[in-house]
Structure formats: structure tokens, C-alpha cells
There are 2 protein chains.
Amino acid sequence: MHRTKVRIVEDALDANNTIARANREDFDRHGVTVVNLMSAPGAGKTTLLERTVSDLDGLRVGVLEGDVQGSFDADRLASLHIPVTQLNTDPGFGGECHLDANMVRSALSSLPLPQLDLLVIENVGNLVCPAEFKVGEDARVMISSVTEGEDKPLKYPLMFRACELVVINKIDLLAHLDYDLDKFLYHLDQVNPGVERMLVSARTGEGIDAWREWIAAAGERERALA
Amino acid sequence: MHRTKVRIVEDALDANNTIARANREDFDRHGVTVVNLMSAPGAGKTTLLERTVSDLDGLRVGVLEGDVQGSFDADRLASLHIPVTQLNTDPGFGGECHLDANMVRSALSSLPLPQLDLLVIENVGNLVCPAEFKVGEDARVMISSVTEGEDKPLKYPLMFRACELVVINKIDLLAHLDYDLDKFLYHLDQVNPGVERMLVSARTGEGIDAWREWIAAAGERERALA
């Protein structure tokens, strides 16, 4: 019975990857670079975007906002006068805890792709399933808040492996926590040796320039690799 | 297609509830009160348990530790000299992001039920799916860290509804955050009006006595309701 379960999961992931490739082709045809932003609930994905998406070297940025329900983050970002599309996993998708390629595909017609250079997909806050489902993105970024503890790479290794960048957020709180940054980085290198990482505080703005440069250059990096 | 997906989810939850009832009967037969502890990753479930489980009015306490993989939390708790059983969702269960009744059932034979008065099931860190799957527990507790922001009850309403107690943790950090506790409580009452709540810092011990009393009395409350 357990083996059957694993088999079903593998088949579902195969089907997902096929749809993800179709999404990717649509994004490429419009010249849109896509970044899939993942983290645990409350790690600061939306605050990081608020800090940066309206000021990215003249890039035209849009956001696809994934949530189980509601449009709280989309409403926050819409006030920045960028195109934001809400994608809820609750109605029709069974309240899924992640975005998958089919959900993103269902939202494509609502996205102004011809008017965008960069699309950020803010995934559902969750350290498990979002890592399993590609959605057609060029790059995956995960945000880990220092308030979550140093053990998270070891407990959620797939998430920390399935990304090209780890943003370590809320460093303004380091002085008030029993958090050993070296230990976190050691654990991170155990599961994803040498993965690019940066320290930021989305709240105070510390380290934000490095993030701004990284995401603004995502398209160029992608074209250099292609 | 979306409707079919929802139907499959409903059937799976029906099957889960049947197994949960069987688990509950086994727990009841041994006179063990079971508390299902849920939260986002890094909200402080294990630290809260470390603070309290070895000192609960003479109650014999065990922990069933749910994780995708590894035994980091189980190792921390085992040093308190209480029986701890590790349940990983990765091998055999497809890396699930939550515990379900069948997984808990598979662990029953590893639990020293005749030697326990209270079993705490520490769920996988996740604010979505654990709320959908009863496992045979008497009570469900969710921990919300103030570092996660005030919007979480609105974004993950099922989780904040599917519990009898909300523990608001890490209040030692309140002075260093832009966190409006009244706003959080307002949102909490919107999705689960009047649900019992307590403010604690598992790190400093502030408010911990209320939690200790609540969990020590969980069995009595359950018997009074029965």
C-alpha cells in the first residue's frame, strides 16, 4: 500500500512536469523571466517583494500570488501599482498547500505576459510540497527566517535543495534570538553545498540591495545559461 | 476536473476519519489522553514541549514526533527521559506534509500506551494540511509565533478553526517586531470566535505555567465532556 502511494506521487509529478514545460514555453515566448518564491508561513516573502518590485532597473514586474484563500498579500502588492494576479488553491483545487503547474497554467490568461519582463510567483507558505512541484519557473528562491531556527535545512532538505538562492531574512532580530548563523549555514551546506545565499532584513532594508541585484539579473543569468 | 479533485479529497478524508476513530478507541482503552500539536515550521513546538513534558503533575507523558525525515526533535526530547517515537512521512508515505490517521496507526505498536497518561503528537510543521487530518486525538493545539505576522488566521483559517487552543509564542520578541497583537486577536476571533488562547515565551518561560496547567488538565477536561 505504501509502495502504491509512492507510485501515485511519482505519476502526479511526471504529469506536473509536462505542464510546467508548457508554461515555461509560454513564458519564454513572451520573454518573461519567472522566479518561484517559496518559504514557510510568515518568513517575509511579501515584505521582501514590497521592498523591491517597484524599483528594479526599469524592469516591468508582475506578481502571481498563491494562497489557500483570500487576497491579503495581493492587496498589499497591488498598492505598489504593479500587475498582481491572485491564485487561490481553495476553490476548485481542494485547498492545496502548494502551487502546481496546472494551477499556474489556469492563471496564464489572467497574466499580462506581453507587458512583463519579470514574473514573481509567490508560492503558498509551506516548507514541504512547493519544493516538489515545478511550475515553469526559471529560478527558485527560498526564504528562511532566522526566527525559524538553525535546523530547518536538515528537517526540510528537499526545499533547501530545490532552489538556486537562499535568502536568510529577519537578520535585524539576530541579537534577540538564540540562533547560531554558522550552524544554519553548516546545515545548509550539508543539504545543498555552496548554494548561493544572502543575509537580509526586509524590515530594515539591510542587505536588500544584493537581493534587488540578484532578482533584477535573473533574466540575464537565464539567457547566459540557455 | 477540479470537481473530481475535490471529490477525491473528500473521499480520502472520510477514510482518514474512520481510521482516526479506531486510533481514538485504542487510546481510550489505555486511558491515554492525546493532544495533536500543530504549527508552521519553527514556531516553537519542540521548545514548548522541552519546557514542560518532564514536569506535568506526575503525569506519564510520551511524544510521537512527526517529521518528513530525520529525528532532530525526537533526539532533543529523548534527552528528557520520556518515551519518544519518531514517525517519518518520507519513507513509505511519499514525503507527506502532515500526519494522517493511517500513519499514526502504523506507529501504535511502537508506542508504550499502557505506560502513558498523555501522548503529545507533534505534527509536521505546516499551516495547511495537518488541519484536515484528524489522527484520533482528544484535543488539537496550534502554536502561532508572533514573528509570523498578524494575518495568519485569515490566510490559514482552517488551521486556526481546527483547534481548541491557540498558543501565541515568542512574546519575548514583541518589543522588536512590528506586530500588532490586538490585530492578530481580532483576526483570530474572525475565524474562531472566542477560542481559548494564551501568550507564552517558550524561550524565557513567560506564560508557561498556563500552558503546563492546560495540558496537564487535558485528560480531565476530556472526561468531563465525555
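As a starting point, this report considers the structure included with it.

Basis of the calculations
- Residues numbered from 1 in each chain as written.
- Chains lettered and ligands numbered in written order.
- Predicted model: local features only at pLDDT ≥ 70, side-chain atom pairs only at ≥ 80, totals over all residues.
- Heavy atoms only, no water.
- Contact = heavy atoms within 4.5 Å.
- Buried area = accessible area lost by both parts, 1.4 Å probe.
- Salt bridge = Lys/Arg side-chain N within 4 Å of Asp/Glu carboxyl O.
- Axes fitted to C-alpha atoms, helices over the stretch in contact; angles between N-to-C directions.
- Helix = DSSP H or I, 4+ residues; strand = E, 2+ residues; numbered from the N terminus.
- Parallel < 35°, antiparallel > 145°, perpendicular 65-115°, else oblique.
- Nonpolar A, V, L, I, M, F, W, Y, C, P; charged D, E, K, R; others polar.
- Disulfide = S-S within 2.5 Å.
- Buried < 20%, exposed > 50% of the residue type's maximum accessible area, 1.4 Å probe, protein only.
- Core = buried A, V, L, I, M, F, W, Y, C linked by side-chain atoms within 4.5 Å.
- Pairing = 2+ DSSP bridges.
- Phe/Tyr/Trp six-rings, centres within 6.5 Å; stacked < 30°, edge-to-face > 60°.
- Lys NZ or Arg CZ within 6 Å of the ring centre and 35° of its normal.
- Polar contact = N/O pair within 3.5 Å; in protein donor to acceptor, adjacent residues only side chain to side chain.

## Here we look at the interface of chain B and chain A
And then number 1: Listed as interface residues are 42 residues of chain B and, on the opposing side, 41 residues of chain A.
And then number 2: Interface area for chain B against chain A, summed over the two sides, is near 3500 Å², with a carbon-plus-sulfur share of 56%.
And then number 3: It is B:Pro41, B:Lys155 and B:His176 that lose the most area in chain B upon contact with chain A, and together they represent 16% of the buried surface on that side.
And then number 4: Run the count over chain B and chain A and you get 6 salt bridges.
And then number 5: Across the salt bridge formed by B:Lys155 and A:Asp67, the nearest N and O atoms sit 3.6 Å from each other.

## Points about the packing of helix H8 (residues 208-216) of chain B against helix H9 (residues 218-225) of chain B
Helices that pack against each other are described as a pair by the angle of their axes relative to one another and the distance between those axes.
Residues and elements named next belong to chain B.
And then number 1: Where H8 contacts H9, the two axes come as close as 4 Å, and the packing angle between them is 45°. One way to sum up the angle between H8 and H9 is to call them oblique. When H8 is examined against H9, the residues Trp214, Ile215 and Ala216 are found in contact with a partner set consisting of Ala218, Gly219 and Arg221.
And then number 2: Considering only residue class, the contact of H8 with H9 consists of 4 nonpolar, 1 polar and 1 charged.

## Some remarks on the state of the cysteines
Every disulfide links exactly two cysteines, by a covalent bond between their sulfur atoms.
And then number 1: For the structure shown, the criterion picks out 0 disulfides over all chains.
And then number 2: Counting only cysteine sulfurs, B:Cys97 is the nearest neighbor of A:Cys129, a cysteine outside any disulfide, at a range of 3.5 Å.
And then number 3: Take A:Cys129: its relative accessible area is 8%, and that puts it in the buried class.

## Topic: the nonpolar core
And then number 1: If you look at the biggest cluster of nonpolar residues, it comprises 55 residues, and the most contacted ones within it are A:Met159, A:Phe160, A:Val166, B:Met159, B:Phe160 and B:Val166.
And then number 2: Within the residue set of this core, elements represented by two or more residues are helix H6 (157-161), strand S6 (165-169) and helix H7 (181-191) of chain A together with helix H6 (157-161), strand S6 (165-169) and helix H7 (181-191) of chain B.
And then number 3: In terms of residues, this core owes the most to one element, H7(A), which gives 4 residues.
And then number 4: With near-sequence residues (within four places) excluded, B:Met159 lies in contact with B:Met38, B:Asn126, B:Leu127, B:Val128, B:Pro130, B:Ala131 and B:Met142.

## What about the pairing of strand S7 (residues 196-199) of chain A?
And then number 1: Note: S6(A) against S7(A), 4 bridges, orientation parallel. Bridge assignment links A:Val166 to a residue of S7(A), and that residue is A:Arg197.

## Things to note about unusual backbone geometry
All names here are of chain A.
And then number 1: Although it is not a glycine, His81 adopts a positive phi angle of roughly 60°.
And then number 2: Structurally, the position occupied by His81 is in the loop between helix H3 (72-78) and strand S3 (84-88).
And then number 3: Exposure remark for His81: the relative accessible area of 74% places this residue in the exposed category.

## Digging into the pattern of salt bridges
And then number 1: Taken as a whole and judged by the stated rule, the model has 32 salt bridges over all chains.
And then number 2: When the shortest N-O distance is used, the salt bridge between B:Asp26 and B:Arg105 registers 3.0 Å. With B:Asp26 in helix H1 (residues 2-29) and B:Arg105 in helix H4 (residues 101-107), this residue pair connects regions lying 79 residues apart in the sequence.
And then number 3: Taking relative accessible area as the criterion, B:Asp26 reaches 13% and is therefore assigned buried.
And then number 4: What makes B:Arg105 partly exposed here is its relative accessible area of 32%.
And then number 5: Across the pair B:Asp151 and B:Lys152 runs a salt bridge whose closest N-O atoms are separated by 2.6 Å. A single burial state applies to B:Asp151 and to B:Lys152, both of which are buried.
And then number 6: Connected via shared salt-bridge partners are A:Glu50, A:Asp67, A:Asp73, A:Arg76 and B:Lys155.

## Side note on the packing of aromatic side chains
And then number 1: On inspection of all chains with the given rule, the structure shows 6 aromatic pairs over all chains.
And then number 2: Ring plane angle 35° and centroid distance 6.1 Å describe the contact between B:Tyr179 and B:Phe184, whose orientation is recorded as tilted. Neither B:Tyr179 nor B:Phe184 differs from the other in exposure class; each is buried.
And then number 3: Each residue in the set A:Phe160, A:Tyr179 and A:Phe184 is aromatic and connected to the rest through ring pairs, giving one cluster.
And then number 4: In this structure, A:Arg221 packs its charged tip against the face of A:Trp214, placed 4.1 Å from the ring centre.

## A look at the side chain of B:Thr52
All names here are of chain B.
And then number 1: Counting through the fold element by element, Thr52 comes out in helix H2 (residues 45-52).
And then number 2: With relative accessibility at 0%, the residue Thr52 sits in the buried group.
And then number 3: Of the polar contacts made by the side chain of Thr52, one reaches the side chain of Trp211; its length is 3.2 Å.
And then number 4: With sequence-adjacent residues up to four places away left out, Thr52 is seen in contact with Ile208, Trp211 and Arg212.

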